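The primary structure of each chain is shown beneath.
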Amino acid sequence: LSIIANIFQAMFASFLWLMSILFSGSHQNWVYGTRYLLLFCHILLICVLVFTASGIALGLYAKFTPHWPELGVTLAFFVVVLLYGMWATSNIAATEIPLEYYHFPNWFKWGLMP
């Protein structure tokens, strides 16, 4: 699922990039007009994060199941790295885009800043 979401994200993001080169010079409100596709690309990015993290956690569990101390250490490291990355991302979002973040719908805020 992560690979599928990543492929669709790359496809739609490249479409946005190409169309921005073609139309952003003549249409001043092009970014505002494409906000729903940008939101869809962001949702795909969140799906890639969730599916990849789930796959890594399941892979670690499958690899280290009979060896419980090693499983504990690797899962703890994985959780620390994942939580720190989520904290750093939410910190950037909270400090750099506060007004835009304030106007997001609640379900989008919770997904962007857990």
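Keep in mind the model is a prediction, meaning the values are calculated, not measured.

A. Structural context of the overall build of the protein. Helix and strand counts for the protein come out as 6 helices and 0 strands. Ordered by position from the N terminus, the helices and strands of the protein form the series α-α-α-α-α-α. With 114 residues in all, the protein has 18% of them scored as buried. For the protein, contacts bridging at least 24 residues in sequence account for 48% of all contacts bridging at least 6. Accessible area of the protein: about 8500 Å², with a carbon and sulfur share of 76%.

B. Molecular detail of the packing of helix α3 (residues 35-64) against helix α4 (residues 68-96). The geometry of α3 relative to α4 is characterised by a closest axis approach of 9 Å and an angle of 165 degrees between their N-to-C directions. Judged on the interaxial angle alone, α4 and α3 are roughly antiparallel. Relative to α4, α3 is oriented so that their crossing is right-handed. Contacts between α3 and α4 involve Leu 49, Ala 53, Ile 56, Ala 57, Leu 60, Tyr 61 and Phe 64 from the first element and Trp 68, Glu 70, Leu 71, Thr 74, Leu 75, Phe 78 and Leu 82 from the second. Taken together, the residues of the contact of α3 with α4 sort by class into 12 nonpolar, 1 polar and 1 charged.

C. Layout of α4. Its 29 residues place the ends of α4 42 Å apart at the C-alpha level, agreeing with the 42 Å of an ideal helix rising 1.5 Å per residue. Inspection of α4 places Leu 71, Phe 78, Ser 90 and Ala 93 among the buried residues, and these make up the whole buried set.

D. Quick look at α3. Helix length check: α3 (30 residues) gives 43 Å between terminal C-alpha atoms against 44 Å at 1.5 Å per residue, within 8%. Buried within α3 we find Cys 41, Leu 44, Val 48, Ala 53 and Leu 60.

E. Here's a closer look at the packing of aromatic side chains. In the structure shown here, the tally under the stated rule is 4 aromatic pairs. With 6.3 Å between their ring centres and 20 degrees between their planes, Phe 8 and Phe 12 make a pair best called stacked. Here Phe 8 and its partner Phe 12 are both found in helix α1 (residues 2-23), 4 residues apart, which amounts to about one turn of the helix. Residue classification places Phe 12 among the partly exposed residues on the basis of a relative accessible area of 25%. With a centroid separation of 5.3 Å and an interplanar angle of 75 degrees, the aromatic rings of Phe 12 and Phe 40 are classed as edge-to-face. Taken together, the residues Phe 12 in helix α1 and Phe 40 in helix α3 connect sequence positions 28 residues apart. Through a chain of ring-to-ring contacts, the aromatic side chains of Phe 8, Phe 12 and Phe 40 assemble into a single cluster.

The rules we used
- Residues numbered from 1 in each chain as written.
- Predicted model: local features only at pLDDT ≥ 70, side-chain atom pairs only at ≥ 80, totals over all residues.
- Heavy atoms only, no water.
- Helix = DSSP H or I, 4+ residues; strand = E, 2+ residues; numbered from the N terminus.
- Buried < 20%, exposed > 50% of the residue type's maximum accessible area, 1.4 Å probe, protein only.
- Contact = heavy atoms within 4.5 Å.
- Areas by Shrake-Rupley, 256 points an atom, 1.4 Å probe, with all protein chains shown as cover.
- Axes fitted to C-alpha atoms, helices over the stretch in contact; angles between N-to-C directions.
- Parallel < 35°, antiparallel > 145°, perpendicular 65-115°, else oblique.
- Left-handed = near helix turned anticlockwise from the far one by under 90°.
- Nonpolar A, V, L, I, M, F, W, Y, C, P; charged D, E, K, R; others polar.
- Expected span 1.5 Å × (residues − 1).
- Phe/Tyr/Trp six-rings, centres within 6.5 Å; stacked < 30°, edge-to-face > 60°.

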